[in-house]
Amino acid sequence: MITGSGAAAVAPATAAKGATAGRASVAMCQQDDTVVAVLAGVWELEDAAPRFEQLIAARSTAGATSSQRVRAVGFDTTELGEWDSSLLIFLLQGFDYCEAHGMEFDTAGLPDSLTRLLALARAVPERAVDDAEPKISTLAKLGEGVLSVGKQALAAVTFTGEVTQGFGRLLLRRGRMRWRDFWVVVQRNSSGALPIVTLIALLLGVIIAFLGVVVLRRFGAGYYVSYLVGYGMLREMGALMTGIIIAGRTGAAFAAELGSMKITEEIDAYSTLGVSPIDHLVLPRVLGLFLMMPLLTIYANAVGIAGGMIVAVTLLDLTPTQFMGGMLSVVTFSDGLLGVFKGAIFGVIIGLAGCMKGLQTGSDAGAVGRSATSAVVMGITLIIVANAVIDWLAVLMQI
Amino acid sequence: MTGALLATRGADVAPAVEVRDLTMMYEARVIMEDLSFSVERGEVFVIMGGSGSGKSTLLKHLIGLKPPARGEILFDGEDFFAADAGTRKQVLRRMGVLYQNGALWSGLTLAENVALPLEEFTRLDAAAIEEVVALKLALVGLRGFETFYPDAISGGMRKRAALARAIALDPEVLFFDEPSSGLDPVSASRLDDLILELSASFGTTIVVVTHDLASIFRIADRALFLDIEKKTMTALGSPDELRDDPPSDAVHRFLTRSSEGET
């Protein structure tokens, strides 16, 4: 008898009696030019199933000479117990083997259900498989990568243009914006964002002050720490850090929100209604951040300066009055205004990047995650680029 | 003709699935109460009812996603929600579910989708798994589509691929949630054929949630009607009998109103 492990042995047909409770086994007997596979035992996927090619090679040849050519393969299932897919796989192996060796595959000995399943499994798919994608060379991939950068840039410019048009429609009172969404954005970026902005801005002020204390004290100029904190927070770090926080927080949320809407065809539903998704979804988000980012920047500036003052007062024997007096003697209103202006620009950038990436979302489950990630990356990159450009212009204009 | 699986398992007495005095609640709101029925081995059992009647919620209870507010759900005589984690896993291994939209994992190819349950539940090696995957995809008519991702194939094919995943482990019970939703009539009826073929050949017990009348009359051995007004089941029997001799007005309306011209 041939056991489930695939080892071959010869067994008379009677030996298989009572094997229905045992593991799957096949005895292959050749009579004249026909091999009969006696299937027995319980066939379970978990057990190592016999393999057809091995068994037919090791068949017993009672009633025939081993050199006689096999013309057909038949089956005997009188001893067969429970079975599952493993038996079907075995039979399919047999079918393929017979086809390859020009033998007849005789299913007469199989129960109806097995014959039908075999037919189902061998049926030609109703739609042929399309040819797989052609292979792309590394050079072509590089070229495509470069071209896609250009496409992305063009898409960003187009999108900005569309939003500007939408804003124009809004100003001319021809477009309609969902004010509810606008207020939701405002709310999420006011009380919702305050804790994290407070923490980061405070620590930032502390860090700038520490830097000042360490460096300036060497030259006996510790008093001027307030200048450093004031300039640093108001002109640069307040807006920049708030921008980075909001890009990670709100920009990613915009991309995920619009991305999910894209996947569930909600965006398409707007478009087919003739309602611009830009007016309805993008404008309230961008304008919401345009309003809130400057306010958050002002708040971050105040908290950061307070943080710097704590360090200066603790480490340098300055009084708060001296600190503030020193700072206000050099820092002007336009320094503060520059930071607030940056905040507004950053808000627009974050809003645009988040919404654009959201609307460009693909259709699979990972797409929303990728959109959110690239919205944050794009947002932060553009913020820093914009910061450098604004600084440069500010120097030129002597602000 | 039923398969060998059924023939031998027919000796067991416990029904495949048994529901006893089930009450389903959504938060504090009762959706259905006093549900008691059993699904016999090898039959095609349909759960029908109007939209919002709690069909899908009942399915969620049956497949172990939602614990009952009151009552018991037994598989093979075993109370699923009272069982320990090991038993639950064993029970889950023996059932397959085809979700309404297929719920194929979009980040995996069709072959990987079908292979995942095999990798999780069996000790088969990679080559054996590949063979099983090829068989299952061939059975649902998707031979050659192994390397495709779900978003690259049509809705009907996606559903059949999901069916291949559901039958990956040769389940004893297969659950279908609205199998014909989102399919054209031809694809829907082809899927029905496939359901019947698999149930007859493998002897699989099949539980289908649907409101598609054509499908109900085609495949159901017995159907259970959930009455949204009375908040309980009001009919259980073969669809033809229920149509000819409806136990209530709601059943009559459900089985005839929209069926005109369809059956």
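Residues numbered from 1 in each chain as written. Chains lettered and ligands numbered in written order. Predicted model: local features only at pLDDT ≥ 70, side-chain atom pairs only at ≥ 80, totals over all residues. Heavy atoms only, no water.

Asks: For this particular structure, what's the right way to read the confidence of the model for chain A?
Replies: Interpretation of this model should avoid reading the predicted coordinates in detail wherever pLDDT is low. Summary statistics for chain A give a mean pLDDT of 86 and a share of 90% for residues scoring 70 or more. Contacts for the low-pLDDT stretch residues 1-20 of chain A, under 50 throughout, to residues beyond four places or in other chains number 32 contacts. (pLDDT = per-residue confidence, 0-100. Contact = heavy atoms within 4.5 Å.)

Asks: Quick question: what am I supposed to make of the environment of Arg253 of chain B here?
Replies: Here Arg253 of chain B shows up in helix α10 (residues 249-256). Along the sequence, Arg253 of chain B and Arg243 of chain B sit ten residues apart, while their C-alpha atoms lie 9.2 Å from each other. (Helix = DSSP H or I, 4+ residues; strand = E, 2+ residues; numbered from the N terminus.)

Asks: I keep staring at the packing of helix α2 (residues 85-101) of chain A against helix α3 (residues 112-122) of chain A and nothing clicks. Help me out?
Replies: The description of two packed helices rests on the angle between their axes and on the distance between the axes. All names here are of chain A. Taken N-terminus to C-terminus, the directions of α2 and α3 make an angle of 65 degrees; their axes are 11 Å apart at the nearest point. Crossing geometry of α2 relative to α3 is assigned as right-handed. Contacts between α2 and α3 involve Leu87, Leu88, Leu91, Leu92, Phe95, Asp96 and Glu99 from the former and Leu114, Leu117, Leu118, Ala121 and Arg122 from the latter. Of the residues assigned to the contact of α2 with α3, the class counts are nine nonpolar, no polar and three charged. (Axes fitted to C-alpha atoms, helices over the stretch in contact; angles between N-to-C directions. Left-handed = near helix turned anticlockwise from the far one by under 90°. Nonpolar A, V, L, I, M, F, W, Y, C, P; charged D, E, K, R; others polar.)

Asks: Is there a simple way to think about the interface of chain A and chain B in this case?
Replies: Where the parts come together, the accessible area they lose is often given as the size of the interface. On the side of chain B, 36 residues touch chain A, which itself brings 31 residues to the contact. Summed over both sides, the interface between chain A and chain B buries roughly 2900 Å², with carbon and sulfur atoms accounting for 57% of that surface. For Glu46 of chain A, the salt bridge is made with Arg123 of chain B, and the minimal N-O distance between the two is 4.0 Å. Listing elements by their share of the side of chain A that touches chain B, those giving two or more residues are α2 and α3 of chain A. Looking at which element gives the most residues to the side of chain A that touches chain B, the answer is α3 of chain A, with seven residues. Of the residues belonging to the side of chain A that touches chain B, the class tally is 15 nonpolar, five polar and eleven charged. (Buried area = accessible area lost by both parts, 1.4 Å probe. Salt bridge = Lys/Arg side-chain N within 4 Å of Asp/Glu carboxyl O.)

Asks: Would you mind going over helix α5 (residues 179-188) of chain A with me for this structure?
Replies: Since the α-helix packs 3.6 residues into each turn, any two residues three or four apart lie on the same face. Residues and elements named next belong to chain A. All buried positions along α5 are accounted for by Asp181, Phe182, Val185 and Val186. Down the axis, α5 shows its buried residues gathered within 140 degrees of arc, on one side only. Tucked inside the fold, the buried residues of α5 contact α7 (225-263) and α9 (277-316). (Buried < 20%, exposed > 50% of the residue type's maximum accessible area, 1.4 Å probe, protein only. Arc of directions from axis to C-beta.)

Asks: Just checking my understanding: could you explain the sheet that holds strand β3 (residues 44-49) of chain B for this structure?
Replies: Strand-to-strand pairing in sheets goes through backbone hydrogen bonds, with the strands running parallel or antiparallel. All names here are of chain B. Spatially, six strands are ordered β6-β7-β8-β3-β9-β10 in an open sheet, and the strand pairing comes out mixed. The sheet is open, and its two borders are formed by β6 (95-98) and β10 (232-237), each paired with just one other strand. Put simply, the sheet's adjacent strands are angled 15 degrees from each other on average, direction ignored. The pairing of strand β7 (residues 173-177) with strand β8 (residues 205-209) spans five bridges and is classified as parallel. Residue Asp177 lies in a different strand from β8, and its bridge partner there is Val209. Each of β6 and β7 touches helix α6 (residues 155-166); the most contacted strand, β6, lies at about 170 degrees to it. Contacting β3, β9 (222-227) and β10, α10 runs over the sheet at an angle of about 115 degrees to β9. (Pairing = 2+ DSSP bridges.)

Asks: Please explain the domain arrangement of chain A as it appears in this structure.
Replies: If you check the domain split of chain A, you get domain 1 (13-122) and domain 2 (155-396). Taking only C-alpha atoms into account, the centre of domain 1 of chain A sits 72 Å from that of domain 2 of chain A. (Domains from an automatic or database assignment.)

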